[in-house]
Amino acid sequence: MKKIRRILSFILVLVMTFVSSNAFMAKAAPAKGNILYLPTISDPIALCPFNSTDSASSDVSNQIYRGLLKPDFSLKFVPDLAASMPTFSKDNLKVTFKLKTNLKWQDGQPLTAEDVKFSYDFIMHPDSAAPRAGDVIDMLKSVAVKDKYTVEFTLNKAKELSQVLSFFTSRYIVPKHLWEKISPKDNMTEKNPYNKKPVGCGPYKFVEWLPNERVVLERNPYYEDKKPNIEKIVLKNVGSTANMMIQLQTQEGDAAGIPPTDVQNMRAQKHLNIYQYDRFSIELITFNTKSEFFKDKKVRQAINYAINKQAIINGLYKGIGKPAYSMYFPGTEYANPNVKKYDYNLVLAKKLLDEAGWKVGKDGIREKNGKKFIVTLCTNKGNIIREKAAVIVQSQLKLAGIKVETRVVEWNTFITKYLRPKKFDLYYGGWLYSDWVQDLTAIYHSDPSKGNLNYGSFANKELDKLMEDAVSETNPAKAKTMHLKIQDILADEVPSIYLLYGRATLGVNKRISNIKYVNGLGINYDYRGWTIKE
Amino acid sequence: MAQVNLNLQNQEEVNIAESFEYSDTFSKKLKIFWRRFRKHKLAVVGLIILIILYTSAIFAPFIAPYDPNGTPDDLLFTDKAPTFKPYTDFNMNGEEVVFKPNYFGRDELGRDVFSRCLYAGRISLTVGFVSVGIYVLIGIIWGAIAGYYGGIVDSIMMRIVDAIMSMPTMMLLITILAVFKPNLYNVMIVIGLTGWTGVARYVRAEFLSLKKRDFVEAARCIGCSNARIIFKHILPNAMAPVIVAATMGIAGAILTESTLSFFGLGVQPPTASWGNMLTNAQELNTMIQSPWKAFYPGFLIFITVLSFNFVGDGLRDALDPKLKQ
Amino acid sequence: MFKYIVKRILQAIPLLFIITLITFLIINLAPGEPIYMFIDPESAKHVNIEVIKHKYGLDQPIHIRYFVWLKGILKFDFGISFLEKRPVLQMINQRLFATISLMLVSVIISFLIAIPAGIVSAVKRNSVGDYLFSTLSFIGVSIPSFWFGLMLILLFSLKLGWLPSSGMRENFDQFDFVDRLKHIILPACVLAFGTMASKMRYMRSSMLEVIRQDYIRTARSKGLSERIVIWKHAFRNALLPIITLLGMLLPGIFGGAVAVETVFGWPGMGRMIVQSTFSRDYPVIMGTELFSSILVIIGSLIADVLYAVADPRIKYN
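Residues numbered from 1 in each chain as written. Chains lettered and ligands numbered in written order. Predicted model: local features only at pLDDT ≥ 70, side-chain atom pairs only at ≥ 80, totals over all residues. Heavy atoms only, no water.

**Q** Looking at this model, I keep getting lost on the overall build of chain A. Mind explaining?
**A** When you go through chain A residue by residue, the secondary structure sums to 17 helices and 22 strands. Against the 2.2 N^0.38 benchmark of 24 Å for 534 residues, chain A shows a C-alpha radius of gyration of 26 Å, consistent with a compact globule. The principal-axis extent of the C-alpha atoms belonging to chain A is close to 85 × 80 × 40 Å. Taken over 534 residues, chain A has a buried fraction of 59%. (Helix = DSSP H or I, 4+ residues; strand = E, 2+ residues; numbered from the N terminus. Rg over C-alpha atoms; globule rule 2.2 N^0.38 Å. Buried < 20%, exposed > 50% of the residue type's maximum accessible area, 1.4 Å probe, protein only.)

**Q** Honestly, the overall build of chain C in this entry has me stumped. Any pointers?
**A** Assigned secondary structure in chain C consists of eleven helices and zero strands. Along the chain direction, N to C, the helices and strands of chain C fall in the order α-α-α-α-α-α-α-α-α-α-α. For chain C, with 317 residues in total, the buried portion stands at 60%. When the accessible surface of chain C is totalled, it reaches about 13300 Å², and 68% of it is carbon and sulfur. Here chain C contributes 32 positive and 20 negative side-chain charges, whose respective centroids are spaced 10 Å apart. (Areas by Shrake-Rupley, 256 points an atom, 1.4 Å probe, with all protein chains shown as cover. Lys, Arg positive; Asp, Glu negative; His and termini not counted. Charge placed at Lys NZ, Arg CZ, Asp CG, Glu CD.)

**Q** Quick question: what am I supposed to make of helix α8 (residues 184-195) of chain B here?
**A** An α-helix turns once every 3.6 residues. As a result, residues three or four positions apart point the same way. Under the 1.5 Å per step criterion, the end-to-end length of α8(B) is 17 Å for twelve residues, consistent within 8% with the ideal 16 Å. Along α8(B), the positions that sit buried rather than exposed are Leu184(B), Val187(B), Met188(B), Val190(B), Ile191(B), Gly192(B), Thr194(B) and Gly195(B). (Expected span 1.5 Å × (residues − 1).)

**Q** Can you walk me through the interface of chain B and chain A in this structure?
**A** Interface size is often expressed as the accessible area that is lost when the parts come together. Facing 22 residues of chain B, the contacting portion of chain A comprises 26 residues. The contact between chain B and chain A buries some 2100 Å² in all, and 58% of this surface belongs to carbon and sulfur atoms. On inspection of chain B and its partner chain A, the count reaches zero salt bridges. Our count for the contact surface shared by chain B and chain A stands at zero residue pairs in polar contact (both at pLDDT 80 or more). Of the residues assigned to the side of chain B that touches chain A, the class counts are nine nonpolar, eight polar and five charged. (Contact = heavy atoms within 4.5 Å. Buried area = accessible area lost by both parts, 1.4 Å probe. Salt bridge = Lys/Arg side-chain N within 4 Å of Asp/Glu carboxyl O. Polar contact = N/O pair within 3.5 Å; in protein donor to acceptor, adjacent residues only side chain to side chain. Nonpolar A, V, L, I, M, F, W, Y, C, P; charged D, E, K, R; others polar.)

**Q** Quick question: what am I supposed to make of the nonpolar core here?
**A** In a soluble, globular protein the nonpolar side chains are often hidden away together inside. Counting 194 residues, the largest nonpolar core has Phe207(B) and Leu260(B) as its most contacted members. Looking at this core, the element that brings in the most residues is helix α9 (residues 226-263) of chain C, giving 17 residues. Both domain 1 (2-74) and domain 2 (89-310) of chain C contribute no fewer than three residues apiece to this core. Leave out the neighbours within four places in its chain, and Phe207(B) touches Ala144(B), Gly147(B), Tyr148(B), Ile230(B), Ile234(B), Leu235(B) and Ala238(B). Among the nonpolar cores identified, the runner-up in size contains 110 residues, and Leu140(A), Phe329(A), Ala479(A) and Tyr498(A) belong to it. (Core = buried A, V, L, I, M, F, W, Y, C linked by side-chain atoms within 4.5 Å. Domains from an automatic or database assignment.)

**Q** Would you mind going over a nonpolar patch on the surface with me for this structure?
**A** All names here are of chain B. A cluster of nonpolar residues, Leu137, Ile141, Ile145, Tyr149, Ile152, Val153, Ile156 and Phe231, forms a patch on the protein surface that exposes about 750 Å² of accessible area. Elements supplying a minimum of two residues to the nonpolar patch: α5 (113-149) and α6 (151-166). Per element, the largest residue contribution to the nonpolar patch is four residues, and it comes from α5. Here Tyr149 lies in helix α5. (Patch = residues over 30% accessible without salt bridge, like charges linked within 9 Å, V, L, I, M, F, W, Y side chains within 5 Å.)

**Q** What's the story with the pattern of salt bridges in this structure? I'm lost.
**A** It is possible for side chains of opposite charge to pair when their charged atoms get near one another. Residue and element names in this part refer to chain A. Per the stated rule, a full pass over the model turns up 36 salt bridges over all chains. Close ionic contact of Arg511 with Asp254 constitutes a salt bridge, the shortest N to O distance being 2.7 Å. Here Arg511 is found in the loop between β20 (496-509) and β21 (512-513), whereas its partner Asp254 is found in the loop between α8 (241-249) and β11 (255-257), with 257 residues between them in sequence. Take Arg511: its relative accessible area is 12%, and that puts it in the buried class. By relative accessible area, Asp254 is classed as buried at 0%. Residues Glu493 and Arg300 are paired through a salt bridge, measuring 3.1 Å at the closest nitrogen-oxygen approach. Of this pair, Glu493 sits in helix α17 (residues 476-493) while Arg300 sits in helix α10 (residues 297-306), placing them 193 residues apart in sequence. Of the residues examined, Glu493 reaches a relative accessible area of 18% and is grouped as buried.

Shown next, in the form of structure tokens:
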């Protein structure tokens, strides 16, 4: 027994010495050096802007690649790779860009008009199967090199100015001298090394990517504009939001987006600066207008009145976010400030439902022609706030006499088994936009080939025509009238209930200063001004 | 961890069935059993706790002060620390109402955690029982056939058992539930389908030793059918380790459901289970500012699983032939 | 001995075959098309889905796909990830070290604690220590590991600030032992705590068994001190069966690692399988499950061989 005790105490002493030794007593090492540590939840999938659609990938590739234009903190489009804004032909079908002449790829090779033409041709190649190819194929007919630094795009159809400018902000330019060795059919396979080890022209260049551990970027010596102050960016994959918050608190991580529930807690941290800004994002509930419950616009309006948006914002988003009235973001060019607003009004909702013929039955659930008002509300898995919001909507509609059954389904199944075959009555979803330019054709056009995201099968001939005309109207004043009209129709017809505009919270360690952000774009992937004081 | 529990009994219990004389009457066996079981204090405590938990789950609608999913009249949309006195507050409609006490507080949607825990108990305890029921059934049939017939049938069947046993169960569960829909029934079925291998092994071992015994030979001589011999004569005598394994298996199944919920693959909200209530614990805010949301369901899982393990341990001792009365 | 090993390896072959069949069937009977992993279903408008299906062989009937996949496995080609477009074997390889090191450390920790605890409880049966250890071990199996992990992170990372909350290392330039140790302690302890109970109980009953043996009684009656009886005679014999336990526990440890790796952001196979499951990255799921099953089988083979080596009474042929 003595021996056992001796062994036990030996182990104990061993543990104690480890724990109390300097190496362990030192607080978990706070981030240091001229390096920005960003905790993240997941690994990127492909580090090429046109080969990935996930945010983890774009967080990295947006530092590495650039577009011809970019959105600016002033909420205008400004030249990036282009030397100046593009010129348009008389019929607005040809767009000509002049490139800066001092551009270089991260391997030191010059960047010319050839690269631009090559990139767009590569994306449009039928074999490349790039996930982002759709937008490019819709917009462009062909690309031609005029001289070493001049490139001319021919559009399929004349488009409104902001639509065109927004299109050219995509960071799709890749180096021809490297990519020409890749056959387009190998683009999305392991034979394309640049999905894993990108070479671009952005402010930062790729250093290493250790799966599930970290991605390291470092200042690009060939960047021709003002070089970033921070020498290295390390994106650490910590696996969960909770770990991200812990990293912010222990100062192992420098900056991270904070979920609404943690904002109050993080404000109390003395070493953090908290920034809040609106995002170009919206949460909405879309009706299946083919469903027998929601054919009638009165019912849709009634439900819009019956949902207390402010309660959802207060309860789930902790007051961070604004009730939404339109797909256009307030304060932007074409937003309609006078659009019909559906503020919470249960009495009116009940009245509209009665008028539509849905009478309250014995059990408190409305019915019409013997059919009970029982509907399913689907949402995708993984967004905890959405899952909870579905519960709130459920209880709010119960007050109006509507029974809601919620289904939370994994993303892939959600799209292929519920949305596409229209097997839902209501779906809760959201959109996040990279800028403020709106084109709703894909979401509400009744022709399935144009409205490929119109899962609610909403059909309105007047709206179809307006949406098509608005994006190709080159006279800004006329375009504006059309966009305002679109919003009025949507507000009256209620194909979707707009719940709220997103607002993001960013926590940044105080060792970093000079953080620029703007409502809508947020920090705009722009770390160039950020400064670390030692 | 269910598997771990099962494995551990593997060697100890091969001979348990022999602890009772086959001639003993049922009531006499029960008396001996109870006398032995009583000695294991922790097991008795566990049994009492389980009885309380099951009773309150069964009578949840009578005990719960609130609707577990909240009704529009009592939702607040904010969490609230536990209170033991009635209080007034504004409900969703902006009316000032007197609320009943929230013994375990309210969650972030304002639902009463105590009521949810009671209803969740129904789900979690059912998950435990049904999934173990499924695997005991499969395990007994599989093991009985393999053990009774032996030979090539036995080798093929046991190879399949070995194969399933070498697959990491949690990975298998996650895969199956992610590709099929996770819901209450699927969770129970899948836990049942992956957990039966241990039971099959004990039953087979029992059968291998029992089928050579005189009373089986006797039954065969008087012309009993194979099925009759398996189910009427051998099986009752092979049940002891199965009962112990099942008891601990319930503990494992409840724990497994909570781990699945952690990955979002357990019982789906808004139906509450202790496991999916505990997933609130993933939010840092919950842990720091409103720990009651995660503490109570977590504690209930813990205490239930612990009680089942104690009871299982007590059963093992009580059925163990090596300990003389 | 050699014959025995060969026999065990031959026995493993049908096992592996059954395992491949099970994994393949589960995944391929699933609803939902894996094809949408290549293309965001929302932007699938311009892509010819049939072409891509053909490219990845997804247009073939299920049994053909199985044999194609099996043929690949035999050539150590586990396929290519749908999502990441990397060879699966390479992805596993990148994470293998992390997972194995986590498991090894946790097994060592659990043995270091379980063996002395088991002996104490056996020797001092029904003492306070026995009760304490068995209660603790039951608590260990009764706590959901992800919950326990979060608690430890809160305590040691957030409140005390002693240990990092996630990841495997801070120092990426070289192998820094202290750095690695700091990162591995919490996840390994959580993993160990869950399996400690069975090891301890096993050690206890094995020790009890040995103590009842005649040769121990003989040793005692010779007047040897209790210490020598326990440590020289009983301990070594009681330790033997625990080796085989290791083989049986491996699948559980692998399974436990799934949750623990997710909580601690550990860059191992467990986390990879969770991610690939949610994105329906079938080649990765099948590859990882097969690979971990192989590891389990190798593990139990090694355990059995060790047992045979250690125990001269056992002869295999």
